[in-house]
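Chains, contacts and geometry: an overview
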Amino acid sequence: DPALSRPGRRDLLPIALLVVFVIAPQAFAGYATEIARETADQIFIEQAAGPIPSGDPEPDPSFLSTAPPDASPVPSPDPISDRITGLIIGVDSGVGRNTYLTDTMIVISLDRATTTVSMISIPRDMVDVPMADGRLYRDKINSLVSYARHNPAQFPGFDGTGFDVLMDALGTLLGTRIDYYAKVDLGGFVRVVDVLGGVDVNVARSFCDPSYDEYGFTSGFSITAGLHHLNGQQALAYARVRKASGESDFTRAARQQEIISGMRDAIVGGGFLNDPIGLLQAIGRTVATDIPRDLLPDLAELASQVGREQTYRAVVKQPLVHSGYDVRGSIQIPDVTAIRELAAQLLPVNGDLPSAAFALPEPSPGSATGSGVAGCRPAPTSAPTPSPIPTVSPAPSGEPSPLPTESTPEPSPSPAEPSPAPP
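Moving on to the confidence of the model for the protein. In the predicted model, the protein carries a mean pLDDT of 75, and 68% of its residues have values of at least 70. Considering only residues more than four positions removed or in separate chains, one finds that residues 381–423, a stretch of pLDDT under 50, has 34 contacts.

Shown next, in the form of structure tokens:
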């Protein structure tokens, strides 16, 4: 079915960076084939030939503005080398779309000193994000890469890809240095998970989205709370759903982080041995990164030592941001000081452990033997009581009379007892 391989809007899941950390060096050592070399050329992006000449950015008040005089100063990044921080970027740039939106952004940091990993998800609708040069990017942060590519004169000294501009902005927002990026799409995600034999995820709460009808699901998607083993299509649906009752961009970000943890567990557990060449090919279609190849062995060794008990996660959400609406649409306005305080707790640079408040909860007891996944349909609703036809006042001469509007109550989805997942 072509629909199963065609990424949809906001489908871009940041999942393959840990695959690259752990799998690539082992695959290269054990399977030094032409497939592995070709995959390496797909994954690892050479550094740009050179930055754009330095200078002052051109004025552009429509998009960028100078930070107010009373804005808090940007802390200087600590040069300590024990922490390696990357930005996982999911890009909305499928066929038929003329935008290049980074709708998924997760800062992930490995600390050699404490053998821990920290993850921070950034909301795509955040606005007024500070940059290192003192300006604010006024539009939604998910449009910054596209804007930087179309307006390189605004970012002198950067390489023109836009990714380094986004790293600069998010690093300034968090008060930390971001070293590398990995751009991810869904072209090979389902295949990656399936080759690994699936992933185990700890579902905090059940939900049902009767509107989800893609990637193998035709009657909605629901999942129960607890520990579940998901195949590629199920994992993708779990990471994509945001329209279920009680779900949002923020809860979806937390679920994406859970799948990253599940992917890491599958890799370290030996799932890559199922089909190493097939996995390499899937990775080649899924991820591109500027991480140096010679850094991967160290990252692989470190990542293999980090389990759930050494993993710390957070999503930037209320009260760190508050919702608004203006000419930019639905937006999230950041409390920069509070966000930097969060980052300081998750990304300490002095050898301390991250705050225990962000440690992962204990997984549900038992083993994940089934998916707990099923389709779900809207809960049945009783027929609405007929209402009297409203009286419409006559319209002024020469104007059509307004018609009464009719609204149908929106059914409330409710998870039902799971049935076997669709094939």
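On we go from here.
A separate point is the environment of aspartate 209. For aspartate 209, the position within the fold is in strand β9 (residues 207–209). Aspartate 209 gets classed as buried once you look at its relative accessible area, which sits at 4%. Along the chain, aspartate 209 and alanine 244 lie 35 residues apart, while their C-alpha atoms are 4.4 Å from each other. Residue contacts for aspartate 209: discarding those within four places in its chain leaves Gly220, Phe221, Val241, Lys243, Ala244 and Cys376.

Topologically, aspartate 128 is positioned in the loop between β4 (116–121) and β5 (129–130). Residues aspartate 128 and proline 334, spaced 206 residues apart in sequence, show a C-alpha to C-alpha distance of 7.4 Å. Ignoring anything within four residues of it in the chain, the contact list for aspartate 128 reads Leu136, Tyr137, Arg138, Asp139, Arg328 and Pro334. Of note is the side chain of aspartate 128, whose polar atom sits 3.1 Å from the side chain of arginine 328.

Moving on: the packing of aromatic side chains. Within this structure, the stated rule accounts for nine aromatic pairs. Their ring planes at 20° and their centres at 6.1 Å tell us that phenylalanine 207 and tyrosine 238 sit as a pair that is stacked. Residue phenylalanine 207 is located in strand β9, and its partner tyrosine 238 is located in helix α6 (residues 232–240); the two are separated by 31 residues in the primary sequence. Of the residues examined, tyrosine 238 reaches a relative accessible area of 3% and is grouped as buried. Three or more aromatic residues link up through ring pairs in this structure, and these residues are Phe207, Tyr212, Phe217, Phe221 and Tyr238. For arginine 255, the ring lying beneath its charged end belongs to tyrosine 238, and the centroid distance is 5.7 Å.

Let's shift gears to empty space enclosed by the protein. Applying the stated criterion to the full structure yields six cavities of 30 Å³ or more. Of the pockets and cavities examined, the largest cavity occupies roughly 160 Å³. The wall of the largest cavity is formed by 14 residues, among which Asp103, Ile122, Pro123, Asp249 and Ala253 lie closest to the centre. Every element with two or more residues in the lining of the largest cavity is listed here: β3 (101–111) and α7 (249–268).

So, about the pattern of salt bridges. Following the criterion strictly, the structure yields 14 salt bridges and no others. Here glutamate 258 ties to arginine 313 by a salt bridge, and the two come within 3.1 Å at their closest N and O atoms. Here glutamate 258 is found in helix α7, whereas its partner arginine 313 is found in strand β13 (residues 311–315), with 55 residues between them in sequence. The same class applies to glutamate 258 as to arginine 313, namely buried. Here aspartate 265 ties to arginine 264 by a salt bridge, and the two come within 3.0 Å at their closest N and O atoms. One network of salt bridges, in which partners are shared, links Arg124, Asp125, Lys140, Asp249 and Arg252.

The next thing to look at is the sheet that holds β5. Reading across from one edge, β1-β6-β5 is the order of the three strands in this open sheet, with antiparallel pairing throughout. This sheet does not close on itself; its edge strands, each paired only once, are β1 (64–66) and β5. Pairing of β5 with strand β6 (residues 135–137), which is carried by two bridges, proceeds in the antiparallel orientation. Within β6, the residue paired with proline 130 across the bridge is leucine 136.

Cut-off values and rules
- Once a new chain begins, its residue numbering starts again from 1 and follows that chain's sequence as written.
- This being a predicted model, a pLDDT of at least 70 is required before a residue's local features are given, and a value of 80 or more before pairs of side-chain atoms are given or counted; all residues contribute to the totals for chains, interfaces and linings.
- Just so you know, side-chain values use all the structure's heavy atoms and leave hydrogens and water out.
- The predictor's confidence in any single residue is recorded as pLDDT, a number from 0 to 100.
- Contact criterion: two residues are considered in contact whenever any of their non-hydrogen atoms come within 4.5 Å of each other.
- Each helix is a run of DSSP H or I of at least 4 residues and each strand a run of E of at least 2, with the numbering of both proceeding from the N terminus.
- Partly exposed describes any residue whose relative accessible area lies between the buried limit of under 20% and the exposed limit of over 50%, with all areas from a 1.4 Å probe on protein chains only and scaled to the type maximum.
- Two N or O atoms count as a polar contact when they lie within 3.5 Å, although within protein this holds only if one can serve as hydrogen donor and the other as acceptor, and sequence-adjacent residues are included solely when both atoms are side-chain atoms.
- Stacked, tilted and edge-to-face are the three classes assigned to paired rings of Phe, Tyr and Trp, where Trp is represented by its six-membered ring and a pair needs centres within 6.5 Å; plane angles under 30 degrees give stacked, over 60 edge-to-face, the rest tilted.
- Only lysine NZ and arginine CZ atoms are considered, and such an atom sits over a ring when it is within 6 Å of the ring centre and within 35 degrees of the ring normal.
- In this analysis a 1.4 Å probe is tested at points of a 1 Å grid over the protein atoms alone, and where it fits but cannot get out there is a cavity; an open set with protein on both sides within 12 Å along at least five of seven lines is a pocket; lining residues have an atom within 4 Å of a point.
- Grid points are joined across faces, edges and corners, and a volume is the space filled by probe spheres set on the points.
- Throughout this description, the term salt bridge denotes a Lys or Arg side-chain nitrogen within 4 Å of a carboxyl oxygen of Asp or Glu.
- At least two bridges found by DSSP between two strands is the condition for calling them paired.

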